Every structure is written in C-alpha cells, then in structure tokens.
Amino acid sequence: MSKITMREAISKALWEEMERDSKVFILGEEVGVWGGTYAVTKGFVDHFGPDWVRDTPIAEAAIVGAAIGAALTGLRPVAELMTINFAFSAMDHIVNEAAKLHYMFGGQLVLPVVIRTVSGGGRQLGATHSQTPDAIFAHFPGLKVVAPGTPEDAKGLLKSAIQSDDPVLFIEHATLYQVRGEVPDGDYTIPIGKSKIQRPGRDVTIVTYSKMLEISTKAAEQLSQEGIEVEIVDLRSLRPLDMEPVLESFKKTNRAVIVEEGWRSYGVGSEVAARIYEQAFDYVDAPIQRVAQEEVPLPYNRNLEQLALPQVEDVVRAVKEVL
Amino acid sequence: MSKITMREAISKALWEEMERDSKVFILGEEVGVWGGTYAVTKGFVDHFGPDWVRDTPIAEAAIVGAAIGAALTGLRPVAELMTINFAFSAMDHIVNEAAKLHYMFGGQLVLPVVIRTVSGGGRQLGATHSQTPDAIFAHFPGLKVVAPGTPEDAKGLLKSAIQSDDPVLFIEHATLYQVRGEVPDGDYTIPIGKSKIQRPGRDVTIVTYSKMLEISTKAAEQLSQEGIEVEIVDLRSLRPLDMEPVLESFKKTNRAVIVEEGWRSYGVGSEVAARIYEQAFDYVDAPIQRVAQEEVPLPYNRNLEQLALPQVEDVVRAVKEVL
Amino acid sequence: MEKNEYLDLYYQMVLIRIVEEQAAQLYQQGKIGGFLHLYIGQEAVSTGLISVRQPQDRVITAYRDHGVAINCGISAKEVMAELLGKATGISKGKGGSMHMADVKKNFWGGHAIVGAHLPLAAGLALGDQYQGNDGVTICMFGDGATNIGYFHEALNLSKVWNLPVLWVCENNQYGMGTAVERASAVSEIRQKAEGYAMANGRVDGMDIMAVREASRQALEQVRSGQGPYFLEVITYRYRGHSMGDPERYRQSDEIRKWQENDPIGIYRGYLTSQKIASEEELDQIDSQVGDEVQQAVQFAEASPEPAPEALFEHVYVEG
Amino acid sequence: MEKNEYLDLYYQMVLIRIVEEQAAQLYQQGKIGGFLHLYIGQEAVSTGLISVRQPQDRVITAYRDHGVAINCGISAKEVMAELLGKATGISKGKGGSMHMADVKKNFWGGHAIVGAHLPLAAGLALGDQYQGNDGVTICMFGDGATNIGYFHEALNLSKVWNLPVLWVCENNQYGMGTAVERASAVSEIRQKAEGYAMANGRVDGMDIMAVREASRQALEQVRSGQGPYFLEVITYRYRGHSMGDPERYRQSDEIRKWQENDPIGIYRGYLTSQKIASEEELDQIDSQVGDEVQQAVQFAEASPEPAPEALFEHVYVEG
Ligand SMILES: Cc1ncc(C[n+]2csc(CCOP(=O)(O)OP(=O)(O)O)c2C)c(N)n1
Ligand SMILES: Cc1ncc(C[n+]2csc(CCOP(=O)(O)OP(=O)(O)O)c2C)c(N)n1
Ligand SMILES: [Mg+2]
Ligand SMILES: [Mg+2]
C-alpha cells in the first residue's frame, strides 16, 4: 500500500489503462496542454501525444457525442466534462444516446465510453458552477453512475469503468482531489455496483458517498468520543445501487442517516430511504434522517454557501436525532 | 360547469390568457401553421398572428433561452417543447438559467416564463421519445414543476403559471389530451403548489399525478367493488411539493401506495415515501409501496412497452399488498 | 457501370417505394405503431449516395431511415418485421421505425433526436482516423436539423480535426411544417458550410445519376484525406412528415409539381431512352418487387413477438 | 466629441485596469473566492463599445464582466463589494465575480455558462422588437464561445427573425488554454457570420477609437432595422484565463508583444499627440482612479455580510 491523493489515484488509473490498452484515449476541454483543469491529466499529452489526449472545442454535446461514436468503432474513449454543471449541455447525449443505444438497437451497438466529470460546491463558484445533481443522472437505466469517495475506490472503479463495455458516468468531487488515502500497489480493479462499509460501528448506520464520506467520517469520529459508534456505508455507485451492505448494517443498527451533498428533494437520500423502508421495514426503530443541501441555488458568499451545504454538525445532529 | 377535453382545457387557458394580457405570446416548433403537434394551439395563429404564435427553428436551447430573454424584458412567453424528451436539449437553459437567474443576481432579474412540454410513454415511440423524467426537473430549486391530471386542473394551473412571475415547467401528458372532465365556466385559476384529494376513501391512500391519476382511479373503482375504498391524492405540482393533503389522508388510512409513470429509482415515489415516513412515522401500519416504470429504456414493441409501464393491475396488487 | 448495376438501382428505388406504401397501409390497419416517417419521393438520394459507398464506409441517418436501411442491404423482411415490432426485426422489435440499424452492414442507425447523431458521426469518423482505416462516415440529416446546436458542434469538430465525414443534408424543403426559409438564416443550406471553410456542393436529389456522381466525387475527396465535405441534396417528400400530418403548410399543386420530377420516373425514362433497359424488363422488376414486399409482410406477420424476458435484455452489456 | 468625453474614456479604462489589479491582490489575500477572470488588456473593447450605446440598448456578457459592469455605469464600490460577497454588492453578494448585473443600467449580466447567454440575448432583442422599442441588444462573448451549439442557435434565430442584436465576439486569441485555430474551423471568427448571411466586421480591439467607430456604425445599422450584425474584435488578455492558470499554452514574449500595443498606452499617446489632454491631466486621472479604487476597497471591506436569512430570499418571486 502507498498513500496518495485522489488526484494521483485517478491520474494513475487513466495512465495505467492507456498504457495497457491502446484503444483507450482521453478527450475533453483543456485535458492536453493545460493538463486538465483539476490537473488530473498533467503530463499526459507529452507522453501519449495530442491525439490520445485530445483537447476539444467548448462543445459538450460534441465531446460526449464524439466519444460515443468513437466507442461504437471499438475504441474506449474517456471523455472529460470539466464539471457536471456543463454536463447539462450534453444531457441529450448522456441520457438519450449513451444510456439507450445498446438497448434500442437490440444489443447491436456497444459503447464502452466513460464520461468523467466533477460535482460539488463549497468553492464559492456560484449557483451555476457548484451543483451536485448526481441523482438525476442515476435516474436513467442504461447508464452506470459511479461516484467514489476514497483514492482506493477512485482508482479501482475508474479502471473498471474504462474496462467496462457499458457507458459509465464517473463523478469526481471538486474538493476531494487533495485527500490522501492508502491505495494497493500494482494493478487492481473494484467492481462497479458494490456498496462498501467504510467504517464499522454498531449504533447508527450512515449511508453516504463521495465528498460526504469525508464529512460523515469526521462526524463519526466526533460521535465516537461520546461513545456513539457509527457504521458508514459508502454507496460508491448510484446506478446500479447496491443495497446489500446498507440493509445488513441497518438490520444491525435499526437506525439510519443518509448524507448527500445535493438537494434533498428527489435526491439520493429519498431513494435509499424508500428502499430501506421497503426492504427492512420490520427493523426500523426510528424515522430515517436525510442530511442534504438546502433547497436554494448555491450563493457566492462564503457564509451563505456553507450555511446551505451539509456540515459535520448537521450529521452529528441527525445521528443524535435517530438515537 | 361544462365537460371538455384536456386539450380543450389547455387550449382555452392559453387563449384566454393571450386575450387578457397582450404580453403573453407562444413560441415553439410547429405551434403556428401546424397548430401544435398535439393540436393544442390549433387556430391560434389565424387569430393572434404569426408574431404572437411564433414558429421556431428546431433549436430547443434557443427556444427556452429566447423565452427567458423575452421574459426579462417584461413579456410573458409560453415556450412549447414538443416533448420532454427534447427538453434535454434545453437542459442548461431550464436548470442553469431559468431556475437560477432570479436568485443569482439578488432578485434583480424576473422571468415570468412558462415552458409547456409533454411527458409519457405508451404510444410505441421508442426509448428516446417515451420518457417521463419529470422528477429530475423537480430536483432544481428555482424552478416550479406542474403536472396536472384533469382538464379542470390543467386550465386553472396553466393560467396561474402564465400569471406567475416565476419560471414554470408545465408538463402535460401525451395520452391525456382526449380525456374529458368537468371544467368550471368562466375565468378561474388554481394556485400552484397545492396537492388535492381527487377521490375520497378510508382504507388506503394513493399518491399520484398526471396520467397515473387515471390509472389509479380505475384501480380504485375496481377495488371499491371488493369493498376497498381508496383515497387518491393528486400532487399536481412536483415543486413545490405539498404534503399536507397527503399526510392528512395518510394519518387516516395509515397505508399508502405511490403511483408514477416514470422509472422507480430516484423518482417521485421515493421522495414522497421518504417524506411520509419523516412526517407521519407513527402512523405507518405497513411499508409504503411504489408503483413505477420498469427500469429499462422503453421498447417499441407494444407488449414489451405495456409490460414496462404501470398498469391498473399493478396498482390493485400494490394496494392489496399494503392492506 | 454494368447493366445489372443500373437495374439494381432501379430495383432498390422501387423496393423502397413499395415498402413505404405497404407500411402506410399497415399503419392505417394499426399493425404499425408509433411514428412512421416515409421516404417516398426521396428514394434517389440514399439509393444514389449509398450505391457508391465502399463497404468500409459507415452510414448513419435520422429517423426517416427505412430507405437508407434497404440501400445498406437490410432485407425488406427485416425492415417489415421491425416495423411490426417482431423479434425477427432488425432491432429485435425494440427500435421500431425510427431505430433501425445493422452494424454488420455498417449501418449505424436510425436516430430520432434531430441532429443528435451528427456528433456521433464525427466520433465514428474519429474512430476510423485513429485506427487508420480509409473508411468515410456518411452522415445524412434533414434541412431542419441544420438549425440545432448539435449540427454546429459536429461540423466544427469535423473540420478542426480533419475527419473523414461526408455530411449529406437532405433538403426536402420542410422540417415538419416549417419551410426552410422560415427556420434557416440561409435557404441554400450549403452556405452554412462556408462558416466552417468546408468544401461543399449542391445536387438535384431527384436525379439518381446526378446524386451518384456528386457523391462519388465527394467520397473520393474525403477519402483522399482532404477532410469533411458538405453535400446538399435537393429533394422533396410526397407524403406528410409522418402519418397524421394535417399538411396545412403546403398546397397539393406544389406536391404535384414535384411529382412530375419523380425520381423513379426520371430514372426509368433514363434507362429506356438510353436503351439500357426495356419497359418490359422494368415492369418485371416492379412485379418482382411487389412479390418480395408481400413475402416480407407475410414474414413479418408470421414472426413471433419478442419474449417477455426481452424487456430486460440489453439494458447493459454486463449485468 | 467633447474633451470631457475623451477623458472619460481614459478614466474608464484606467479604472477597469486598477480595479482588476486590486481584485487580483484581494484574491491572493483570500478575500475574493471562486473564479476570478480579469479583463486586463481588453479594456478598450467594452469601453469603446459601450461608450456609443444608447440608454435603451441592453448589454449582456459572459463571466469576464467587471469591465463591462463598470462601463455600464456600475460603481467600483458595488463591483468590489460583490467581489467580496457583501450585501452591498451589485448582486447582493450572491453572484460574485461571474454574475454581476444592474438592470436599472440595462446591464443584464455576467453569465458563466459559455455561450448560454446568446439565446438570452436573442430573447432580449425579441422583447424590444415586440414592444416596438428602438433599443439594440449588445451581446458580448469570447472566441471559444463560438464553437458551442448555443452560438449557432442564437445567431440563426437572430437572422431568421431579423432581431436587433449586435453580436460582439471578443477574440482574445484563446479559450482558456486553447488557441482559436485549435478549436475553431475558421480562425477569422467573423467568417462564421457568413454561414448566416449576416453582416459582419472586424476591428482592432486595442485601439479604442477604432472600436468606437466600428461599434457606432454597427449599432446604427442594427437600429435602422437591417437585422443583426456580427462584430469581431481582436484583443488579448494579459493575465491568465482566471487566477491560477498555469499558462503552459503561451510564451511570455507573446504577451510582451501584445503589451507593446497596450490599449491604455495607445489611447494615452493619442490624447497627448492630438493635444486633447496633457500628460499632467492624465496623471491626475490616474491618481484620482487610485483613490477611487482604494475607497471602493474600503467600502467593500467595511460592508456587512449578507444576513443568514438572505440564503432563502429570491429563490422565487412568489413563495
Ligand atoms: C431535438 C428534437 N426536437 C424536435 C424533434 C421533433 N421532430 C422530429 S422530426 C422533426 C423535423 C425534422 O426536419 P428535417 O431535419 O428537415 O428532417 P425531415 O423530417 O424533413 O426528413 C422534428 C421537429 C426531435 N425529434 N428532436
Ligand atoms: C458550457 C461550458 N463549458 C465549459 C466551461 C468552462 N469555461 C469557462 S470559460 C472557458 C473558456 C471560454 O473562452 P472564451 O469564450 O474565448 O472567453 P474568454 O475566457 O477568452 O474571455 C471555459 C471552457 C463553461 N463555463 N461552460
Ligand atoms: Mg426536411
Ligand atoms: Mg477567448
């Protein structure tokens, strides 16, 4: 094992897969000379060349559309959408093309395409640049939606996504790139669609993913000092959504808090809560709590923005609420 | 009262508002000469002229974007997106512009824009043309999302939407236009954001909206013959989401089934279920059931398509399940 | 060109026409559902165009795709079966009229979101460029599609990356009920290519020989590595946009005028006047096509519906 | 033009420059968050352009909007306060650097999604056309924005509907790190207007007098009802795309070359050589601007943060 940042983990996954399979290539805005706006592909263009690390015009629909087309020819494109806020400009190609072509043509078309993008607020980028609308993409069957919260998962899951023959939306988080974590040495993959217990506990189950894993872990440490042991389940993938570890944990704790960064309504928490009630009704000892973003477009002002985003204290409060 | 179709009700609402306020105008693909692909604006162009019933190029982003711009100047545009499947091509303008401009500029910009569109499957239009992704639009604060299920509500809610200074996504249903219903004579509006009990009952609460109101009502009639009296709450608006009548009904029946046409995961049912558990936990006698679309892109073949869509029998089964 | 090639072009055009007329009837009978966009009047466009493609050339088009499918070598049976939503259909009954494809024949579909397949075409061409194939991607779309953003992004990309794409705009005068000049800043669509400094041309789409020649030259130029080419083909659809079009937007004499330049009639006249084929030979092809289409209908009607399990197949490649 | 008008143009350009330099410092100090896109080097573009607009002319631009805001009459105080996210900011601290607007001054914002404000501009112009106003909507955007679909849809719409819009492309040679020719099929952006048969022109954006004249003529033409006009303005940004740009994509001597044609320097030379103003007068304006910006910073720093309740205000007009 070695301790590396999320950025390094994602970077390594891309690099290793490109070295392993010459059909893998990267395209997107500023992925080349610039090295990626989050510096994930820094140095790639010098090594792989501008064709395989391809800068594109500002044209999100064309980026995703061209990636799909290239994938249909047998290549394995990794398209980068600078942030998920710009994915709306490619919405049709993500949900109407990528998610449907394989099914609609009776399985003839195969599109091994990965769309990497970045969610998250907290950087004072204002309402149009700070969203975490992960749930809306997970609404569409045919698409796989992955959102890792640790360097280990990021590397293993991205490699699986690139090796997968299905279209995968791979959602990174703007404020996790610096986070460090242990990563197994050498080549490894992590199967898409498996939730994971990231922290064992007995009293309350926290279900979360991506950036909120960090927030939830801080809350868990705080609570542990008060003798409350929280078990944290990381969804890692929103579609497919693996409820097994969630239910297992819940049947033990009988109490759950779901923590997501995005807006509460029609979000991830509602789906997970609904499923827990459906699949573990008799184990419910207290109403499941949802911690999520206040339902406002995220403002620029730092205080207001932080007020709207889920904080450690909110998680702590919610956990005590269910106890 | 007079009995008219959903199409007539929507048509009348548009006509009356255009007559009432010269700032109201319609723009969209084929709204003029053609009379609207669902014949909603038939005859309008002859009466109001091609400027006020304006055919546009096939350019959804420009349709919504131009409507927003015109609204900023004080006009009250009603933009028509032929179907919600094409709304993805205007996604950025709906969720990043319409939903955010008022907030982001500190309340300076006011955009009284209505975006009319059409959801729903069941017409063998295939995966890209048969979606009911209403929930994903309701995820965005700043936008109001209305989806009526009766002619009376359609007329009253559309008039409110046009008179509202907030951006409203008004979702009609492809297979409801022929449905007839009593509509009050003369001018009336129905406030946006109020759920309504469409059918009184005592045993089980069905929460639904749009097309599924029809399906649920048929199921209720069947069940009534077996002595099961279902109470049906019609959400009518997905954002704001009014839980009052839902909770009132649920506290009486202690049992609920949520029926929606769209995909189950991250849909309307999950949000409503989560809120019922949060706000009426002590009244829950049985796990709340969700009836929704199978999680596949809708196929063209009629049998397969019907297999994927929620049917009366599915609702009946779910109701018996919660009893 | 050999005589049999000449006759084959005639055969293909007639086959398309009869298949479409037959489809219209089946639609009226309620055996075909959804939207049905007929290619009648435009047969010379894809027949001429695709007749000069190489096997390695990919073809992708919009929802008005039955004719293109047939020109790409998909049998009338497989087309009919798809229209009836049968398991034997080219898309297993899941795609329907708007979504036919056969990748083995290098036909990449039938796409129903206007303009959305243009970026896909750029990607197909990029794939060939990467892999050093000398294939050209032929992307067909309508006049109305040239007003949506996808068109702009795809054309720009194809020029910047010098992609082997032949952009073919079937200008049939209308996008649904909207005449070209009511929706497009320029009514000569080829002019849009100037905004990308892209080589372009314009040809009469009712004359299959003209379409063939223009397409051949364009394909040659693209294949030689000179980058994308934009070909505008002037044509006309005789029928409504899809079944149930009120057609308030045009006069019947306009249709009649165009029908006087019927692509099949023109070509038939050409074949006979040039003494390439006799009326009898052509009549024989007509009746032969009639039989073939009848058999296709019988095949489709007799074919099984997809099994219920098919509903959950192909959502993903991997579970 | 009166002397005071000449001096006012100089004053505005210097004010923009100093405000931006000040903002850069405050960003380094962590007092400004988010993205900060400086207008340094491009001052002559919006100063010249907006100096010839009529009060009824609407202005809308992208996220690089501080300069435009100032030219539209927003005070340095309100700009600074917004940059610091204060309640006294022009957008009440909710918008930040990328989202400044003042509708009372007919400035419709700062928009951060590349190209997305172009359709809005078409709508603004449509509103004026409907209401019979003789206002022209001035829509500014970058070279990179001309490659996204929104650009295409908006330009086409403006031409088809003959809308009173002046499209102004600020070609500053790069979209982030991508040089124009690496992203656009044509490097002379004005050529894109040809695809819409739209009147167009190209002007040196470092020479404010040239920008003024070209803008005046363009506005006149649009106002006279001849439809939209496309103006390409050649300019350059001295600083990175935003703070923290690694700038691997260009050489420092390229920047130096452009700086030799500094818009403020050129105009200063013009004013003195033409004997319109003396060095002393201009120096005095410089120091006056220095004081004004200091006061703006003090005002911003002293201003209150938005109240917590503000978080829930303005989500909707009605509840
Ligand atoms: C993005 C999008 N908007 C609207 C539609 C509805 N629609 C289907 S076909 C069509 C007209 C297309 O006209 P054109 O491109 O000229 O092709 P033609 O039908 O004439 O062959 C429209 C508006 C759609 N399918 N996709
Ligand atoms: C749709 C969209 N894609 C990507 C971005 C990220 N982005 C912000 S500015 C920019 C470059 C724009 O360049 P240009 O239009 O030339 O304007 P300039 O910055 O040079 O003034 C990019 C890619 C965005 N904001 N919106
Ligand atoms: Mg057409
Ligand atoms: Mg630029």
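Basis of the calculations
- Residues numbered from 1 in each chain as written.
- Chains lettered and ligands numbered in written order.
- Predicted model: local features only at pLDDT ≥ 70, side-chain atom pairs only at ≥ 80, totals over all residues.
- Heavy atoms only, no water.
- Buried < 20%, exposed > 50% of the residue type's maximum accessible area, 1.4 Å probe, protein only.
- Helix = DSSP H or I, 4+ residues; strand = E, 2+ residues; numbered from the N terminus.
- Polar contact = N/O pair within 3.5 Å; in protein donor to acceptor, adjacent residues only side chain to side chain.
- Contact = heavy atoms within 4.5 Å.
- Donors = N, O, S within 2.8 Å, 3.2 Å for Na, K, Ca; no water.
- Near = heavy atom within 4 Å.
- Least-squares fit on C-alpha atoms with pLDDT ≥ 70 in both.
- Expected span 1.5 Å × (residues − 1).
- Core = buried A, V, L, I, M, F, W, Y, C linked by side-chain atoms within 4.5 Å.
- Disulfide = S-S within 2.5 Å.
- Buried area = accessible area lost by both parts, 1.4 Å probe.
- Salt bridge = Lys/Arg side-chain N within 4 Å of Asp/Glu carboxyl O.
- Nonpolar A, V, L, I, M, F, W, Y, C, P; charged D, E, K, R; others polar.
- Axes fitted to C-alpha atoms, helices over the stretch in contact; angles between N-to-C directions.
- Parallel < 35°, antiparallel > 145°, perpendicular 65-115°, else oblique.
- Left-handed = near helix turned anticlockwise from the far one by under 90°.
- Pairing = 2+ DSSP bridges.

Let's shift gears to helix H2 (residues 43-51) of chain D. In terms of residue burial, H2 of chain D counts as a mostly covered element, since eight of its nine residues are buried. Buried within H2 of chain D are the following residues: Glu43, Ala44, Val45, Ser46, Thr47, Gly48, Leu49 and Ile50 of chain D.

Next up on the list: the side chain of Asn147 of chain D. Structurally, Asn147 of chain D is set in the loop between strand S3 (137-142) and helix H6 (149-160). Of note is the side chain of Asn147 of chain D, whose polar atom sits 3.4 Å from the side chain of Asn156 of chain C. In terms of polar contacts, Asn147 of chain D uses its side chain to reach the side chain of Lys192 of chain D, at 2.8 Å. With near-sequence residues (within four places) excluded, Asn147 of chain D lies in contact with Pro57, Ile58 and Ala59 of chain A, His152, Glu153 and Asn156 of chain C together with Ala183, Ser184 and Lys192 of chain D.

This part takes up the coordination of the magnesium ion (ligand 3). Residues and elements named next belong to chain C. Looking at the magnesium ion (ligand 3), the protein donor atoms are Asp143 (OD), Asn172 (OD1) and Tyr174 (O), and they sit 2.0 to 2.2 Å from it. Motif for the magnesium ion (ligand 3), donor spacing along one chain: D-x28-N-x1-Y. With Asp143 in the loop between strand S3 (137-142) and helix H6 (149-160) and Tyr174 in strand S5 (residues 174-175), the pair connects residues that are 31 residues apart, well separated along the chain. An identical accessibility class is assigned to Asp143 and Tyr174; each is buried.

A few words on the site of ligand 2. Around ligand 2, a shell composed of 21 residues is seen, among which Glu60 of chain A together with Tyr63, Ala112, Gly144 and Asn172 of chain D lie nearest. Chains contributing residues near ligand 2 are chains A and D. Between ligand 2 and Glu60 of chain A, the relevant distance is 2.6 Å, taken from a nitrogen atom to a side-chain nitrogen or oxygen of the residue. The side chain of His241 of chain D places a nitrogen or oxygen atom 3.4 Å from an oxygen atom of ligand 2.

Right, let's get into the relation of the copies chain B and chain A. Rotating chain B by 180° and moving it 0.0 Å along the rotation axis overlays it on chain A with an RMSD of 0.0 Å. Both copies of the chain, as the preceding transformation shows, are related through a two-fold rotation axis. Comparing interface residues between copies, 100% of those in chain B also lie at the interface in chain A; the contact surface is shared.

Look at helix H1 (residues 3-28) of chain C: 38 Å from first C-alpha to last across 26 residues, which is about the 38 Å you get at 1.5 Å a residue. Positioned one or two residues after H1 of chain C, Gly30 of chain C has a phi angle of 75°, which is positive.

A word on the nonpolar core. Counting residues in each nonpolar core, the largest one holds 190 residues, and the members touching the most others are Phe137 of chain A, Phe137 of chain B, Trp167 of chain C together with Trp167 of chain D. Not counting the four nearest positions on each side in its chain, Phe137 of chain A is found in contact with Ile84, Ala87, Phe88, Met91, Ile94, Leu143, Val145 and Leu169 of chain A. Counting 87 residues, the second-largest nonpolar core is a separate cluster that includes Tyr10, Leu15, Val52 and Ile234 of chain C.

With that out of the way, let us pick up the state of the cysteines. Residue and element names in this part refer to chain C. The full count for this structure, using the stated rule, is zero disulfides over all chains. Lacking any disulfide linkage, Cys72 is separated from the closest cysteine sulfur, that of Cys139, by 12 Å. For Cys72, a relative accessible area of 6% corresponds to the buried category. On the accessibility criterion, Cys139 (0% relative accessible area) is buried.

Before going further, it helps to spend a moment on the interface of chain B and chain A. Taken together, the 49 residues of chain B in the interface contact 49 residues of chain A. Buried surface at the junction of chain B and chain A, both sides included, amounts to about 4,400 Å², of which 64% is carbon and sulfur. For chain B, the biggest contributors to the area lost against chain A are Tyr103, His139 and Tyr266 of chain B; these three give 20% of the whole. Where chain B touches chain A, the interface holds six salt bridges. In this structure, the salt-bridge partner of Arg290 of chain A is Glu278 of chain B, at a minimum N-O distance of 2.7 Å. Contributions of two or more residues to the side of chain B that touches chain A are made by helix H4 (91-98), helix H5 (101-104), helix H6 (134-138), strand S12 (237-239) and helix H10 (268-280) of chain B. Looking at which element gives the most residues to the side of chain B that touches chain A, the answer is H10 of chain B, with eight residues. Residues that form the side of chain B that touches chain A fall into these classes: 29 nonpolar, 10 polar and 10 charged.

This paragraph deals with the packing of helix H8 (residues 211-225) of chain A against helix H12 (residues 312-322) of chain A. Residue and element names in this part refer to chain A. Running from N to C, H8 and H12 cross one another at 55°; their axes reach a closest spacing of 8 Å. As the angle between them shows, H8 and H12 are arranged oblique. Relative to H12, the crossing made by H8 is right-handed. Residue-level contacts link Ile215, Ser216, Lys218, Ala219, Gln222 and Leu223 of H8 to Val312, Val315, Val316, Val319 and Lys320 of H12.

Another aspect to go through is the sheet that holds strand S13 (residues 256-263) of chain B. Residue and element names in this part refer to chain B. Read across the sheet, five strands follow the order S9-S11-S10-S13-S14 without closing on themselves; strand pairing throughout is mixed. At either margin of the open sheet sits one strand with a lone partner, and together these are strand S9 (196-199) and strand S14 (289-293). Going from strand to strand, the sheet's axes swing by 25° on average, the running direction of each strand aside. Where S13 meets S14, four bridges bridge the pair, whose relative direction is parallel. Within S14, the residue paired with Ile258 across the bridge is Arg290.

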